[in-house]
Amino acid sequence: MSTAQPKHKRILLKLSGEALMGDDPFGINRDTIVRMVDEIAEVTRMGVEVAVVIGGGNIFRGVAGGSVGMDRATADYMGMLATVMNALALGDTMNKAGLIARVMSAIGIEQVVEPYVRPKALQYLEEGKVVIFAAGTGNPFFTTDTAAALRGAEIGAEVVLKATKVDGVYTADPKKDPLATRYKTLSFDDAMRQNLGIMDATAFALCRDQKLPIKVFSILKNGALRRVVMGEDEGTLVHA
């Protein structure tokens, strides 16, 4: 029986809304969200404290056409509400899988979810509950990448795990260049110098300033989250 211990005790998992679509054009694919929750449940059973920031692209994509010409702040608030919908779906799926999930929103919707309060979020994590942060930072003009960096720093996460559709950061687009290779590790400075676009500039600068590592990996690979948490060779680690 393996006695290996997780490398990380507390993580911030950044999920894009698009990751919930599966092969659907928009919305939430049931099989996909159940599989993701199973992966999260596996690492929580290992004693890892998990917080999640979820995007809203899968829902907002369905109404994006109507937002053309709309005031940017209004469109961003619509996107925040989309993340609340995703967070509710994710939390409900977690609860049905035997986890205890708490959704906390950066904008006030008390009849639906509780507001984000940092000490309460820390208490939930210490109790072994999964905390899902919804509504981004609560401010327009900031992405959910920035929300992930901000919440990760606030809760004392050891790493921000950016779950994407590719299994790391490559020297070139692996779909276009068969010689492209995956970086195992990168420094923040090298990633900025090469303009690799790992996160938006605000989020990336915040992680760099707080010396908060970023791990980029594919959420589509079975068992990838467990391998990342165990410190195995999965994805790309960006660090100070």
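Calculation criteria
- Residues numbered from 1 in each chain as written.
- Predicted model: local features only at pLDDT ≥ 70, side-chain atom pairs only at ≥ 80, totals over all residues.
- Heavy atoms only, no water.
- Salt bridge = Lys/Arg side-chain N within 4 Å of Asp/Glu carboxyl O.
- Helix = DSSP H or I, 4+ residues; strand = E, 2+ residues; numbered from the N terminus.
- Buried < 20%, exposed > 50% of the residue type's maximum accessible area, 1.4 Å probe, protein only.
- Core = buried A, V, L, I, M, F, W, Y, C linked by side-chain atoms within 4.5 Å.
- Phe/Tyr/Trp six-rings, centres within 6.5 Å; stacked < 30°, edge-to-face > 60°.
- Lys NZ or Arg CZ within 6 Å of the ring centre and 35° of its normal.

1. Topic: the pattern of salt bridges
- Evaluation of the coordinates by the stated rule reveals 17 salt bridges.
- For Glu-49, the salt bridge is made with Arg-10, and the minimal N-O distance between the two is 2.7 Å. Of this pair, Glu-49 sits in strand E2 (residues 49-54) while Arg-10 sits in strand E1 (residues 10-15); the two residues are 39 residues apart in sequence, bridging distant segments of the chain.
- Classification of Glu-49 by relative accessible area gives buried; the value is 12%.

2. A word on the nonpolar core
- Grouped together as the largest cluster of nonpolar side chains are 39 residues, with contacts concentrated most on Leu-13, Leu-15, Val-52, Met-94, Ile-132, Phe-217 and Leu-225.
- For this core, the secondary structure elements donating two or more residues are E1, helix H1 (30-44), E2, helix H3 (72-96), strand E3 (101-105), strand E5 (130-134), strand E6 (159-164) and helix H8 (224-229).
- The element contributing the most residues to this core is H1, with six residues.
- Grouped together as the second largest cluster of nonpolar side chains are 31 residues, Val-131, Ile-155, Ile-198 and Val-216 included.

3. Observations concerning the packing of aromatic side chains
- Under the definition given, this model contains two aromatic pairs.
- Here the aromatic rings of Tyr-116 and Phe-133 are separated by 5.4 Å at their centres, their planes lie at 85 degrees, and the arrangement is edge-to-face. Here Tyr-116, found in the loop between strand E4 (114-115) and helix H4 (118-126), pairs with Phe-133, found in strand E5; they are 17 residues apart in sequence, far enough to count as distant.
- For Tyr-116, a relative accessible area of 17% corresponds to the buried category.
- Looking at Phe-133, the relative accessible area reads 2%, which means it is buried.
- Taking the centre distance of 5.2 Å and the plane angle of 75 degrees together, the rings of Phe-188 and Phe-204 count as edge-to-face. Highlighted residues: Phe-188 in helix H6 (residues 188-193) and Phe-204 in helix H7 (residues 201-209), separated in sequence by 16 residues.
- Above the ring of Phe-133, the side-chain terminus of Arg-151 is found at 5.9 Å from the ring centroid.

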